[in-house]
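# Observations on the three-dimensional arrangement
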Amino acid sequence: MVANIVGRAVQGEDFFDRVEELQKLKEEGLRQHLLLLAPRRVGKTSLLHRLATVTREAAGWSAAYCSVEDAADEVGFLRSLTEALEAIPAAKPSVKKLRKGRLDKILQGIDRVKLGPLEVARSHANDDPLDDALRQMRAALKDLPGHWYLLLDELPLFVLRLLQLDADGARARRFLQWFRRVRQNEVDSVMTLHWVLAGSIGLDTVAERYALTDTINDLQIVRLGPFTEPTAHAFLQALSLHHKVTLSEDVARAICARVGWLIPHHLQALFSELRAIHREAGCTLTLDDVGTAFSRLLDQSLHFDFWQQRLDKELGAQRARRARDLLGYCAQDPNGATTTTLELLLGKELQDTADRARELRWLLKVLKSDGYLREEGERWVFRSHLLREYWMRKYA
Ligand SMILES: Nc1ncnc2c1ncn2[C@@H]1O[C@H](COP(=O)(O)OP(=O)(O)O)[C@@H](O)[C@H]1O
Ligand SMILES: [Mg+2]
């Protein structure tokens, strides 16, 4: 039975469908390391948890899930990964080694790593603590017994953070090169560690923008999209069954039409409002109720604030502001805005035409891969009706 959950990743019985996607991850992941790409809120984290669960059911297989969303730097990354491995019994012996030596000292803050561009330049020196720690982690991973799915969530956010710490990209490059070697280890011999890297902004987009593509070109891209219309209907039926809310075919169709972009999050969010209306009125839901639920959802905006807050986190304040301006403009018209108009919008701040065009290309690419906008010929249009309405109320 699928419960109505909005916001946090879903697990167990609350996870609906994604059967083909899961199969694909399992099969393709056996041969190659994967890069799971999908805009935010499409269901990546939930899918990774599901993959971890089914992996653990097979004899000789283990799985670890690690989100590096909050890792502030390389040390934070190593800490997140160490803790994720520590949580899995099969990894205990290997992890024990991580809690010794330089890595542990660094994690405890005894051995300090202060990394600026200069320190990176010196990183070939033998006594570089971070190098030691990274080597130690690589060895521990190599040591893991049996087969593993290692699921790393929000990696692009972490890479962007490194790029904010050191704009010339040396730190990000160093990290990504190390990580490529970690993965390469396995492909050369028998592949026992299977990495799936995920994040909303495509790591590919970030890598391309900062000339880092060579560090991730071993990854195979797997895309996760919205539910199909039949799946969305089945999903709504499953939710209504669980919550004892009668939902006619017409109402379900109206929900899908209103949501437009059928990602599970939007369906869950609209359903939660409908549930509340049903509780208050106690009668069968009507088409009008769908309209009411839609407005209420936008009024409280709780589920959508996330979409604008995250911009700061991934782009930094200045760029996030530019992105908000662009989105505000695109939201005004259901048919979006042209590239030329958007370029003019950035013109107030960026006088140099080449700079401006480059900045606009990058921002639009991020907003596209992140699920805000889609490209329709010459125009940039909101991908989701819900999000456009939200944005209009808030900024336009
Ligand atoms: N397979 C699913 N079944 C039911 N609900 C889902 C599913 N996938 C995602 N959701 C809904 O979408 C929300 C966001 O899911 P999440 O996995 O966190 O997405 P992402 O990691 O892509 O941002 C969840 O809180 C839930 O409401
Ligand atoms: Mg997620």
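The following refers to the structure shown.

Calculation notes
Residues numbered from 1 in each chain as written. Chains lettered and ligands numbered in written order. Predicted model: local features only at pLDDT ≥ 70, side-chain atom pairs only at ≥ 80, totals over all residues. Heavy atoms only, no water. Pairing = 2+ DSSP bridges. Helix = DSSP H or I, 4+ residues; strand = E, 2+ residues; numbered from the N terminus. Axes fitted to C-alpha atoms, helices over the stretch in contact; angles between N-to-C directions. Contact = heavy atoms within 4.5 Å. Near = heavy atom within 4 Å. Polar contact = N/O pair within 3.5 Å; in protein donor to acceptor, adjacent residues only side chain to side chain. Areas by Shrake-Rupley, 256 points an atom, 1.4 Å probe, with all protein chains shown as cover. Domains from an automatic or database assignment.

### Considerations on the sheet that holds strand β1 (residues 34-37)
With parallel pairing, five strands are arranged side by side in an open sheet as β2-β3-β4-β1-β5. Since the sheet does not close on itself, it has two edges, and those belong to β2 (61-67) and β5 (220-223), each with one partner. Each strand of the sheet is rotated relative to its neighbour by a mean of 20°, with strand direction disregarded. Pairing geometry for β1 and strand β4 (residues 193-199), over four bridges, is parallel. By the bridge assignment, L36 is partnered in β4 with A198. Sheet strands touched by helix α3 (residues 74-86): β2, β3 (147-153) and β4. Its angle to β2, the strand with the most contacts, is close to 145°. Contacts between helix α8 (residues 155-165) and the sheet are confined to β3 and β4, with β4 contributing the most and set at about 70° to the helix.

### Let's talk about the site of ligand 1
Around ligand 1 lies a shell of 21 residues, among which I5, R8, R41, K44 and S46 are the nearest. Separating an oxygen atom of ligand 1 from a backbone N or O atom of I5 is a distance of 2.5 Å. At 2.6 Å, a backbone N or O of R8 approaches an oxygen atom of ligand 1. Look at ligand 1: alone it shows 560 Å² of surface, and the protein chains cover 97% of it. Secondary structure elements with two or more residues in the shell around ligand 1: α2 (44-57) and α13 (264-281). Domain assignment of the residues forming the shell around ligand 1 places at least three in each of domain 1 (18-223) and domain 2 (229-300).

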